[in-house]
Amino acid sequence: MRTLSAAVSAGLALVFALSAAPAQAQAKPNIVVMGEDADEDAVPRGNRIFQRVIAELSETMNLRGYNVYDETAVAMGFTQPNRVRRRDAELIEVARAVSSPPLDVVAIFQIYASASKSAYSDIVRPQVRIPGRLLNVRTGQSLGAFEVAGLQLPPLPQGCDRECLLERVGAEAKTIAGDVAAALTAKLDGFVAPRRASDAGAPAGDAAPAAPVAGGGPAAGGEGCGGLPTAYTVRLDGFSPQEVQAAEEYMAAFRCYEHHRPVRAGGASAEYWYETRSDSARLTRNLRLMLDHMSAPGQVQFSGNTIVVRRIATR
């Protein structure tokens, strides 16, 4: 046990330093914009108004620096592209099923459009309400919501037919969608803003000794940990109780670590809910380094949001 503890103490500094990278390496999350139209009163997918709104939402988020993907393009291989009246459960399942590229955030919106006639004249005004919300695809965490409604829009011209109504309401809905997208991206910015490493959850004391960060400076000196907080299920298989404890110390010292929570534990296995601002590539690399420094032959397997670290028994 003492030998293992000494190896952990010696290896933590190296793993901590090797896992470090500048904050600029953290990519902004991948987003897909999807419309929920299960409500019969909502504007359905495929409608002209719907298309203008989804285009405006996507363009605004794209200009704010986020990677926005078209739902049809990334999901047409396993879903029906023209399906309408979909509930949010179906939208979330589709977003989780997309693996190339892996999606981090789904922006879900609804459109309610109508026209009301004044009680005192022949003036008819369009009414548009667009609620939107952001969800973490992997964890289901709500990242923010915003709604634009109650605006007094310009009246429709006399004799406005269906074509006129679609164009007028579509133009107003597009403007409103821009406001919704700006608010949602501002909320998302708050989640992905770089954080100082000293505030990112790195434990104090012997578990996370000061170590040089790649590029210079101490680990807690001010390098930020940008990126969307992401949760993984990390499962350790085939480890002794002493090795599980050592592995937990390693994982708590990884750069951009947020926190973890044991889910289940047994004699030779353990499972954790592990939250970090590191991307999956860096986390899996850190886990492989952990195995090397523990002198434990094993494999790291990753799929979806589950990482299995399996120790291989040898003679």
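Residues numbered from 1 in each chain as written. Predicted model: local features only at pLDDT ≥ 70, side-chain atom pairs only at ≥ 80, totals over all residues. Heavy atoms only, no water.

Turning our attention to the overall build of the protein. Along its length, the protein carries 7 helices and 11 strands. When burial is assessed residue by residue, the protein has 44% of its 315 residues classed as buried. In the protein, of all internal contacts separated by at least 6 residues, the share reaching a separation of at least 24 is 72%. (Helix = DSSP H or I, 4+ residues; strand = E, 2+ residues; numbered from the N terminus. Buried < 20%, exposed > 50% of the residue type's maximum accessible area, 1.4 Å probe, protein only. Contact = heavy atoms within 4.5 Å.)

Glancing now at helix α4 (residues 88–97). Among the residues making up α4, those that are buried are Leu91, Val94 and Ala95. Projection of α4 onto a plane perpendicular to its axis shows the buried side chains occupying an angular sector of 100°, all on one side. Those residues of α4 that are exposed and angled more than 90 degrees off the buried face are Ala89 and Glu93. Among the structural elements, β1 (30–35), α3 (71–75) and β3 (105–109) are those in contact with the buried residues of α4. (Arc of directions from axis to C-beta.)

Our focus in this paragraph is the state of the cysteines. What we call a disulfide is simply a covalent bond connecting the sulfur atoms of a pair of cysteines. One pass over the structure, following the stated rule, counts 1 disulfide. A disulfide bridge connects Cys160 with Cys164, and the sulfur atoms are separated by 2.0 Å. With the S-S bond torsion at -105°, the cross-link from Cys160 to Cys164 turns out left-handed. For Cys164, a relative accessible area of 19% corresponds to the buried category. (Disulfide = S-S within 2.5 Å.)

Attention now goes to the confidence of the model for the protein. In this model, the protein carries a mean pLDDT of 85, and residues with pLDDT of at least 70 account for 82%. Helix α1 (residues 2–18) is the least confidently modelled element of the protein, averaging 52 in pLDDT, while β3 averages 98, the highest of any element. Per-residue pLDDT stays below 50 along residues 17–25; that stretch engages in 19 contacts with residues further than four places along the chain or on separate chains. The low-confidence segment residues 197–222 (pLDDT under 50) makes 45 contacts with residues lying over four places distant or belonging to another chain. (pLDDT = per-residue confidence, 0-100.)

Counted by the stated rule, this structure contains 17 salt bridges. The salt bridge involving Glu40 is made with Arg85; its shortest N-O contact spans 3.9 Å. Taken together, the positions of Glu40 in the loop between β1 and α2 (48–63) and Arg85 in the loop between α3 and α4 put the pair 45 residues apart, joining distant regions of the chain. Its relative accessible area of 25% is what places Arg85 among the partly exposed residues. Put simply, Arg235 and Asp237 hold a salt bridge, and the shortest N to O gap is 3.6 Å. We classify Arg235 as partly exposed; its relative accessible area is 27%. Judged by its relative accessible area of 16%, Asp237 is buried. A single network of salt bridges, built from pairs that share partners, joins Arg48, Arg52, Glu163 and Glu167. (Salt bridge = Lys/Arg side-chain N within 4 Å of Asp/Glu carboxyl O.)

Take the nonpolar core next. Core analysis: the largest hydrophobic core is formed by 31 residues, its most contacted members being Val53 and Ile130. For this core, the elements supplying multiple residues, two or more each, are β1, α2, β3, β5 (124–136), β6 (142–148) and α5 (162–192). The dominant element in this core, judged by the number of residues it contributes, is α5, at 10 residues. Once residues within four sequence positions are removed from consideration, Val53 is found in contact with Phe109, Ile111, Ile130, Ala173 and Ala177. Membership of the second largest hydrophobic core comes to 23 residues, among which are Leu236, Phe254, Tyr257 and Ala296. (Core = buried A, V, L, I, M, F, W, Y, C linked by side-chain atoms within 4.5 Å.)

This paragraph deals with the pairing of strand β8 (residues 257–265). Across 7 bridges, the pairing between β8 and strand β9 (residues 269–276) is antiparallel. Bridging across to β9, Ala265 finds its partner in Ala270. Between β8 and β9, which pair antiparallel in sequence order, lie 3 residues. (Pairing = 2+ DSSP bridges.)

Cis geometry is found at the peptide bond from Ser100 to Pro101, where omega equals 5°. You will see that Arg85, though not glycine, has its phi angle at about 55°, which is positive. Of note in this structure, Ser295 is not a glycine but carries a positive phi near 55°. Position of Ser295 among the secondary structure elements: in the loop between α7 (280–293) and β10 (298–303). Among the residues examined, Ser295 registers a relative accessible area of 61% and is labelled exposed.

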